[in-house]
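Listed below, chain by chain, are the residues.
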Amino acid sequence: MNIYGEYQSVLPQIMSELTTSLQQLNKEYQQKNDLSLFEHLNARIKSEQSMIEKCHRKGYPVTTYSALRKNRDSIGLRIVCNFIDEIYDCVDLIEQMPDVKIVEKKDYITQSKPNGYRSYHLILDKTFNYPDPDGQNPGHYFVEIQLRTIAMDTWASLEHEIKYKHDIKNPEMISQELKRVADELASCDISMQTIRQLVREDK
Ligand code: 0O2
């Protein structure tokens, strides 16, 4: 039996519905502001193996209830924006979406992780027209949304690739270098936003 049990087929449907709503939000924002809210959007259902590993790591029983209630990232969306300002616009707009309650916000942009990781993380509790593990219908589902700029996304992808795929002989030096690059990219993000502002003021 899959860890997601009877909800295994519901999760992709929820993911797809939410993706469509966010793409619609992007369209409306584009029409109103003449610029994109986000550059692209990825969505994934956490693999069964990762979910089981996470249950073990957190000390939760390996059950459907743990997968959907104790852990809150079975459905994950990553929104990649061109500029930092759009990340915060996007958070505001998500907060206003119908049937959405934001139950957790982590701003790793203003407060980056010690290793240099930057992103804005949200956990949503959203109602969908499917039954949930607490017997409610419409049911409540948690969704994790990570919002980043292109530069933050590039760093996180490469850092993940470097860290998880190879044995590192001199981890301290590599961590220092990764942190240095993260800070340089953060500085580029701010510069690009400033340049955009200058161009706007020039009009
Ligand atoms: P995947 O496959 O991306 O889902 P927890 O989620 O409980 O384990 P915490 O502290 O509550 O941990 O969550 P956190 O750190 O706010 O967010 C976890 C997710 O953010 C990770 O998911 C990564 O996607 C991303 N993330 C956090 N820190 C880093 C980092 O230093 N480097 C990179 N590349 N990504 C990071 P998972 O579960 O690891 O994997």
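Everything numeric here is computed off the predicted structure, so don't read it as measured data.

**Brief notes about the overall build of the protein chain**
Point 1. Along its length, the protein chain carries six helices and five strands.
Point 2. Shown N-terminal to C-terminal, the secondary structure of the protein chain runs as helices and strands in the order α-β-α-α-β-α-β-β-β-α-α.
Point 3. If one aligns the C-alpha atoms of the protein chain with their principal axes, the spans along those axes are about 55 × 50 × 20 Å.
Point 4. Taken over 203 residues, the protein chain has a buried fraction of 41%.
Point 5. Look at the contacts in the protein chain between residues 6 or more apart in sequence, and 65% of them connect residues 24 or more apart.
Point 6. Per element, the accessible surface of the protein chain, about 11,800 Å² overall, is 50% carbon and sulfur.

**Considering the packing of helix 4 (residues 84–95) against helix 6 (residues 171–202)**
Point 1. Two numbers describe how helix 4 lies on helix 6: the axes approach to 8 Å, and their chain directions differ by 90°. With respect to helix 6, the axis of helix 4 lies roughly perpendicular. Note on element contacts: helix 6 touches helix 4 through D189, I190, Q193 and R196, opposite I84, D85 and E86.
Point 2. The residue makeup of the contact of helix 4 with helix 6, split by class, is two nonpolar, one polar and four charged.

**Looking at a nonpolar patch on the surface**
Point 1. Together, L158, I162 and I168 line one region of the surface with nonpolar side chains, adding up to about 240 Å² of accessible area.
Point 2. Following the sequence through the fold, I168 ends up in the loop between helix 5 (150–165) and helix 6.

**Some remarks on the packing of aromatic side chains**
Point 1. Counted according to the given criterion, the structure contains four aromatic pairs.
Point 2. Taking 5.9 Å as the distance between ring centres and 65° as the angle between the ring planes, the aromatic pair formed by Y108 and Y117 counts as edge-to-face. The exposure classification of Y108 matches that of Y117, with both residues buried.
Point 3. Three or more aromatic residues link up through ring pairs in this structure, and these residues are Y7, F128 and Y141.
Point 4. Residue placement shows R72 over the ring face of F142; its charged tip is 5.6 Å from the ring centre.
Point 5. A cation over an aromatic ring shows up here: K126 above the ring of F128, its NZ or CZ 4.9 Å from the ring centre.

**Quick notes on the environment of D125**
Point 1. By secondary structure assignment, the location of D125 is in strand 4 (residues 120–128).
Point 2. Remark: the alpha-carbon pair of D125 and R78, spanning 47 residues in sequence, is separated by 16 Å.
Point 3. With near-sequence residues (within four places) excluded, D125 lies in contact with D99, V100, K101, V103, H140, Y141 and F142.
Point 4. Looking at D125, its side chain comes within polar contact range of the side chain of H140, at 2.8 Å.

**Examining the site of the ligand**
Point 1. Taken together, 17 residues lie around the ligand, and R44, K54, K58, K113 and N115 are the ones closest in.
Point 2. Between K46 and the ligand, the recorded distance is 3.0 Å, taken from a side-chain N or O atom to an oxygen atom.
Point 3. The contact in question runs from an oxygen atom of the ligand to an N or O atom on the side chain of Q146, over 3.0 Å.
Point 4. Considered on its own, the ligand offers 740 Å² of accessible surface; in the complex 69% of this is hidden by protein.
Point 5. Classifying every residue of the shell around the ligand gives three nonpolar, four polar and ten charged.

The rules behind each value
Residues numbered from 1 in each chain as written. Predicted model: local features only at pLDDT ≥ 70, side-chain atom pairs only at ≥ 80, totals over all residues. Heavy atoms only, no water. Helix = DSSP H or I, 4+ residues; strand = E, 2+ residues; numbered from the N terminus. Buried < 20%, exposed > 50% of the residue type's maximum accessible area, 1.4 Å probe, protein only. Contact = heavy atoms within 4.5 Å. Areas by Shrake-Rupley, 256 points an atom, 1.4 Å probe, with all protein chains shown as cover. Axes fitted to C-alpha atoms, helices over the stretch in contact; angles between N-to-C directions. Parallel < 35°, antiparallel > 145°, perpendicular 65-115°, else oblique. Nonpolar A, V, L, I, M, F, W, Y, C, P; charged D, E, K, R; others polar. Patch = residues over 30% accessible without salt bridge, like charges linked within 9 Å, V, L, I, M, F, W, Y side chains within 5 Å. Salt bridge = Lys/Arg side-chain N within 4 Å of Asp/Glu carboxyl O. Phe/Tyr/Trp six-rings, centres within 6.5 Å; stacked < 30°, edge-to-face > 60°. Lys NZ or Arg CZ within 6 Å of the ring centre and 35° of its normal. Polar contact = N/O pair within 3.5 Å; in protein donor to acceptor, adjacent residues only side chain to side chain. Near = heavy atom within 4 Å.

Keep in mind that these numbers describe shape and distance, not what the molecule does.
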